[in-house]
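Residue-level structure breakdown
Listed below are the residues making up each chain.
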Amino acid sequence: MSKLRVTLRSLYFGRNRRARRFRYGLVVLDVVTIAVFIVAASLTDERWVIPVDFLIGTVLAVEFAARLYAETHRTKYLLTVSTMADLAVIASLFLPAFLENLAFLRIVRALRLLRSYQLLRDLRADSPWFRRYEDVIQRTLNLGVFIFIVTSFVYVTQNDINAEITSYIDALYFTITTLTTTGFGDIILVGPGGRLLAVIIMVVGVALFLRLLQAVFRPNKVRFECPDCALQIHDIDAVHCKHCGRILAIPTEGAV
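Residues numbered from 1 in each chain as written. Predicted model: local features only at pLDDT ≥ 70, side-chain atom pairs only at ≥ 80, totals over all residues. Heavy atoms only, no water.

**Some details on the overall build of the protein chain**
The line we're drawing: Only runs of H or I of at least four residues qualify as helices and only runs of E of at least two qualify as strands under DSSP, and these elements are numbered from the N terminus. Type-normalised accessible area, obtained with a 1.4 Å probe on protein chains alone, sets the label of each residue: buried when under 20%, exposed when over 50%, and partly exposed for intermediate values. The contact definition used throughout considers only heavy atoms, calling two residues in contact when any of these lie within 4.5 Å. Using a 1.4 Å probe, accessible areas were evaluated by the Shrake-Rupley method; residue-level cover was limited to the displayed protein chains.
From N to C terminus, the protein chain includes 11 helices and two strands. Mapped in sequence order, the helices and strands of the protein chain form the string α-α-α-α-α-α-α-α-α-α-α-β-β. Residues counted as buried form 37% of the 256 residues belonging to the protein chain. Within the protein chain, contacts between residues at least 6 apart in sequence are counted, and of these 54% link residues at least 24 apart. For the protein chain, the exposed surface amounts to about 14600 Å²; the carbon and sulfur share of it is 67%.

**Quick look at the packing of helix α9 (residues 134-158) against helix α10 (residues 168-179)**
Definition in use: Axis definition: a line fitted to C-alpha atoms, over the contacting stretch in the case of helices. Angles run 0 to 180 degrees between N-to-C directions. Just so you know how the angles are binned, under 35 degrees is roughly parallel, over 145 roughly antiparallel, 65 to 115 roughly perpendicular, and the rest oblique. Working rule for handedness: look at the near helix, and if it is turned counterclockwise from the far one by less than a right angle, call the crossing left-handed; if clockwise, right-handed.
Running from N to C, α9 and α10 cross one another at 125°; their axes reach a closest spacing of 9 Å. By the criterion of interaxial angle, the relationship of α9 to α10 is oblique. With respect to the hand of their crossing, α9 and α10 are arranged in right-handed fashion. Every residue of α10 that contacts α9 at Leu-143, Ile-147, Phe-148, Val-150, Thr-151, Ser-152, Val-154 and Tyr-155 is listed here: Tyr-168, Ala-171, Leu-172, Phe-174, Thr-175, Ile-176 and Leu-179.

**Examining the nonpolar core**
The criterion, for reference: In this description, a nonpolar core means a group of buried Ala, Val, Leu, Ile, Met, Phe, Trp, Tyr and Cys residues linked to one another through side-chain atoms lying within 4.5 Å.
Core analysis: the largest hydrophobic core is formed by 17 residues, its most contacted members being Val-154, Ile-165, Phe-174, Leu-189 and Ile-201. Looking at this core, the elements with two or more residues in it are α9, α10 and α11 (191-217). When residues in this core are grouped by element, the largest group, seven residues, is from α9. In this structure Val-154 touches Asn-159, Ile-165, Ala-171, Phe-174, Thr-175, Leu-189, Leu-197 and Ile-201, once residues within four positions along its chain are discounted. Phe-37, Phe-64, Tyr-77 and Ile-90 belong to the second-largest nonpolar core, a separate cluster that totals eight residues.

**Section: the pattern of salt bridges**
What counts is decided by this rule: Counted as salt bridges are all cases of a side-chain nitrogen of Lys or Arg within 4 Å of a carboxyl oxygen of Asp or Glu.
For the structure shown, the criterion picks out three salt bridges. Arg-67 is the salt-bridge partner of Glu-63, the closest N and O atoms lying 3.0 Å from each other. Taken together, the residues Glu-63 and Arg-67, both in helix α3 (residues 46-70) and four residues apart, mark about one turn of the helix. One exposure class covers both Glu-63 and Arg-67, and it is buried.

**Regarding helix α1 (residues 3-13)**
Owing to its 3.6 residues per turn, the α-helix aligns residues three or four sequence positions apart on the same side. Condition: Taken from the helix axis, the directions to the C-beta atoms give the arc we talk about.
Residues of α1 that are buried: Arg-5, Leu-8, Leu-11 and Tyr-12. One face of α1 carries all of its buried residues, which in axial projection span an arc of 125°.

**Quick notes on the packing of α10 against α11**
For any two helices packed against each other, one specifies the crossing angle of their axes together with the interaxial distance. Filter applied, for reference: Just so you know the grouping, Ala, Val, Leu, Ile, Met, Phe, Trp, Tyr, Cys and Pro go in nonpolar, Asp, Glu, Lys and Arg go in charged, and all remaining residues, Gly too, go in polar.
Viewed as axis vectors pointing N to C, α10 and α11 meet at an angle of 60°, and their least axial separation amounts to 8 Å. As for how α10 packs across α11, the hand of that crossing is right-handed. Every residue of α11 that contacts α10 at Phe-174, Thr-175, Thr-178 and Leu-179 is listed here: Ala-198, Ile-201, Met-202, Gly-205, Val-206 and Phe-209. Residues of the contact of α10 with α11, tallied by class, amount to seven nonpolar, three polar and no charged.

**Looking at the packing of aromatic side chains**
For clarity, the threshold we go by: Each aromatic pair joins two rings of Phe, Tyr and Trp (for Trp, the six-membered one) with centres within 6.5 Å, and gets the label stacked for planes under 30 degrees apart, edge-to-face for over 60, and tilted for any other angle. Ring-over charges, as used throughout, are those where CZ of Arg or NZ of Lys falls within 6 Å of the ring centre and within 35 degrees of the ring normal.
Scanning the entire structure with this criterion turns up six aromatic pairs. When the ring of Phe-54 is compared with that of Phe-94, the centres are 5.3 Å apart and the planes differ by 90°; the resulting orientation is edge-to-face. Within this pair, whereas Phe-54 is found in helix α3, its partner Phe-94 is found in helix α5 (residues 81-94), the two being separated by 40 residues in sequence. With a relative accessible area of 24%, Phe-94 lands in the partly exposed category. Clustering of aromatic rings is evident, with ring pairs tying together Tyr-12, Phe-13 and Phe-22. Its guanidinium or amino end placed over the ring of Tyr-69, Arg-5 lies 6.0 Å from that ring's centre, counting from NZ or CZ.

**Let's talk about the side chain of Asn-162**
Our working definition: Polar contacts, as counted here, are pairs of nitrogen or oxygen atoms within 3.5 Å of one another; within protein the pair requires one atom able to donate a hydrogen and one able to accept it, and residues that are adjacent in sequence qualify only if both atoms are side-chain atoms.
If you trace the backbone, Asn-162 turns up in the loop between α9 and α10. Within the local environment of Asn-162, its side chain forms a polar contact with the backbone oxygen of Ile-188, the two atoms lying 2.7 Å apart.

By themselves, these are just geometric observations and shouldn't be taken as functional.
Written as structure tokens, this is what we have:
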């Protein structure tokens, strides 16, 4: 195994502080990338957007190649959902130079948010605070990913046919008011496809929102797999598994 590959494997899969800082840096890159996507979605001057797309696409392609090189089972890795999403995002950054219709590409770029789930593993290991509130954070992330992807879909499908949605903010406003069932009625989606999309937002969005509220207001829980029955959610101060009665050795910081 070459020295370069050993170094990359250490950065991508290592448990030391250097590796975690490297992966946190990748998360920062993702946040910047998504911010650029949001800004670009509202711009009509493609002369500015396309060079930036190429620059971001090149950076992401190099990072993807490094991650692939570090992998042991590359074929299996290439078939994962997150990998296919990454490839779709990278392709969407280079295709605008050859295609005139950017709408579906902007939807694809929202998939970059799927990378944020990879951060959870490091946070679980690094942060006692995260382990304490993991359920709330996980459900907040689920809702945030849903809102961003759906808002992108609303914007690119309605922008050209709906006079009430002229910016990404308009699409975000509609998504939030719909999934919270506020529904002011000042913005509505047009066409059969728009109405179907509104139904999906209401059904899925409300379910995710209620799951988040449930996690916020119920007593704190901790994730720890019971060796006997595999129950994973327990009270934070649990001594016995509520399902099978097994004595649990849940790691704590000594205070609740």
